[in-house]
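Notes for the structure review
Here is what each chain is made of, one letter per residue.
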Amino acid sequence: MADNPRAKVAVLVSGTGTNMAALLYASRLPGAAYEIVLVASNDPEAGALALARAESIPTFALSHRGMTRADHDAAMDAAIRYAGATHVALAGYMRILGDEMARKWEGWMLNIHPSLLPLYPGLDTHSRAIAAGDTHGGASVHLVIPELDAGEVLGQVRVAIGADDTPDTLARRVKIAEHQLYPRVLSEYVSRGYDADYLLERVAALALALPGTERTTSHGSPAFKLAGKSGKFFAHFSDRHHGVPHIAVLAKTSGQEELAQLCERDPATFYKPAYYGASGWVGIVLNRADVDWSQVEYWLERSWRSVAPKRLAATQPGREPEAY
Ligand code: GAR
């Protein structure tokens, strides 16, 4: 893990920032998978900003008062991008994000919430858990989607509720639990883009969604082909083969000319793989911070189309080539 580039994370806060501090100090341990490049707040007085400044982390503060939600989101978005962040971690950011902002960062933005989601989205989670007679409260880290506190849960920790607990005493223990949970889940999440098993499963999901396909192996590596004995291959998965550092999916181009153009235009994404390159296959690098999965999907579909029988290809609407 330590060899992979560290993800660049912007942390959004509104309050004291104890979760931000937990994320920050975890990021300073050896081998950390991410670094914090910005702490941003909708409250210029937030304690979290003072702590970030003391720790020499760039900060950005802009009160939302008098601004539309969309304008405020856009200003935060600009600051996040200016800082070069690849991921956003909401840590007690008490502004609800507009749909557009949530969609823009979908898959790259996480939030911590003080309940065992899907229980108790929204506010007053601890008093609601106590009032319901729950034996446990807890915390969840989840992906952010436009619907409030409803994205995929990536990790949870349970915290027992004692007979004497008040919302405040429970909140204190849940915070301690949050501080363990958030750095761990964020680290795992940003690291999975470098994990061959995870990348293979994502490729497989896209490849097997194409009609009439099956998974197999070719020369010991995972590969995808048209189903049946003589079905042709349309994708190979390559995990750092032949001395290259890439985990990649290989797809068919129209030939050497296109292959050379792709490699020249975007050498961070495309490369000419050993052996397969000679027959016009291109390597699409997957172990990097900013994989465009719709581009991968486009190439898998194109490669599949180039080997699929006409009647099968006709079942699938073609996609715009755009800049892929
Ligand atoms: C945390 O308990 C976090 O789960 C909660 O705000 C607190 C922030 O504390 N977030 C939410 O309620 C989001 N809906 P902190 O500023 O000390 O990290």
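Attention in this report is confined to the structure presented alongside it. In this text the structure is predicted, and so the values were computed from the model without any measurement.

The end-to-end C-alpha distance of helix 9 (residues 293–307), which contains 15 residues, comes to 22 Å, matching closely the 21 Å that a straight helix rising 1.5 Å per residue would cover. When we look at burial in helix 9, the residues that qualify are Trp293, Gln295, Val296, Tyr298, Trp299, Leu300, Glu301, Ser303, Trp304 and Val307.

Once that is clear, we can look at the pattern of salt bridges. In the structure shown here, the tally under the stated rule is twelve salt bridges. A salt bridge links Arg81 to Asp77, with the shortest nitrogen-to-oxygen separation between them at 3.0 Å. Highlighted residues: Arg81 and Asp77, both in helix 3 (residues 69–82), separated by four residues, approximately one helical turn. Residues joined in a network through salt bridges with shared partners are Asp77, Arg81 and Lys104.

Below, the discussion takes up the sheet that holds strand 1 (residues 7–13). Strand order in the open sheet formed by seven strands is 3-2-1-4-5-6-7, and the pairing between neighbours is mixed. For this open sheet the edge positions go to strand 3 (59–61) and strand 7 (153–160), each flanked by a neighbour on one side alone. On average, each strand axis in the sheet is inclined to that of its neighbour by 20 degrees, with strand direction left out of account. The pairing of strand 4 (residues 87–90) with strand 5 (residues 109–113) spans three bridges and is classified as parallel. Residue pairing in the sheet places Leu90 in a bridge with Asn111 of strand 5. Sheet contacts for helix 2 (residues 47–54): strand 1, strand 2 (34–41) and strand 3; angle to strand 3, the most-contacted strand, approximately 155 degrees. Where helix 3 meets the sheet, it contacts strand 1, strand 2, strand 3 and strand 4, and its direction lies at approximately 150 degrees from that of strand 2.

Moving on, we get to the side chain of His72. Inspection of the secondary structure assignment puts His72 in helix 3. Of the residues examined, His72 reaches a relative accessible area of 0% and is grouped as buried. Reaching out from His72, the side chain makes a polar contact with the backbone oxygen of Leu62 at a distance of 2.7 Å. Setting aside its immediate chain neighbours within four residues, His72 contacts Asn42, Leu62, Ser63, His64, Met67, Tyr93 and Arg95.

With 14 residues, helix 3 should reach 20 Å at 1.5 Å per residue; the first-to-last C-alpha distance of 20 Å fits that figure. Within helix 3 the residues assigned to the buried category are His72, Asp73, Met76, Asp77, Ala79 and Ile80. Projected down its long axis, helix 3 shows its buried positions confined to an angular sector of 165 degrees, all on one face. The positive-phi residue at the C-terminal boundary of helix 3 is Gly84, with phi of around 80 degrees.

Once that is clear, we can look at the pairing of strand 8 (residues 213–218). Pairing geometry for strand 8 and strand 9 (residues 221–226), over six bridges, is antiparallel. In the strand pairing of strand 9, Arg215 is matched with Phe224. The antiparallel hairpin formed by strand 8 and strand 9 contains two residues in its connecting segment, where His219 sits at a positive phi of about 50 degrees.

Moving on, we get to the nonpolar core. Buried together is how nonpolar side chains tend to be arranged in soluble globular proteins. Membership of the largest hydrophobic core comes to 36 residues, with the highest contact counts inside it found for Val11, Met20, Leu23, Tyr34, Ile36, Val39 and Tyr182. Those elements that provide at least two residues to this core are strand 1, helix 1 (18–27), strand 2, helix 2, strand 5, strand 6 (136–143) and helix 6 (167–191). Looking at this core element by element, the count peaks at nine residues for helix 6. Listed in part, the 34 residues of the second largest apolar core include Leu199, Leu226, Phe234 and Val291.

Thresholds applied
- Residues numbered from 1 in each chain as written.
- Predicted model: local features only at pLDDT ≥ 70, side-chain atom pairs only at ≥ 80, totals over all residues.
- Heavy atoms only, no water.
- Helix = DSSP H or I, 4+ residues; strand = E, 2+ residues; numbered from the N terminus.
- Expected span 1.5 Å × (residues − 1).
- Buried < 20%, exposed > 50% of the residue type's maximum accessible area, 1.4 Å probe, protein only.
- Salt bridge = Lys/Arg side-chain N within 4 Å of Asp/Glu carboxyl O.
- Pairing = 2+ DSSP bridges.
- Axes fitted to C-alpha atoms, helices over the stretch in contact; angles between N-to-C directions.
- Contact = heavy atoms within 4.5 Å.
- Polar contact = N/O pair within 3.5 Å; in protein donor to acceptor, adjacent residues only side chain to side chain.
- Arc of directions from axis to C-beta.
- Core = buried A, V, L, I, M, F, W, Y, C linked by side-chain atoms within 4.5 Å.

The values are spatial; any link to function lies outside them.
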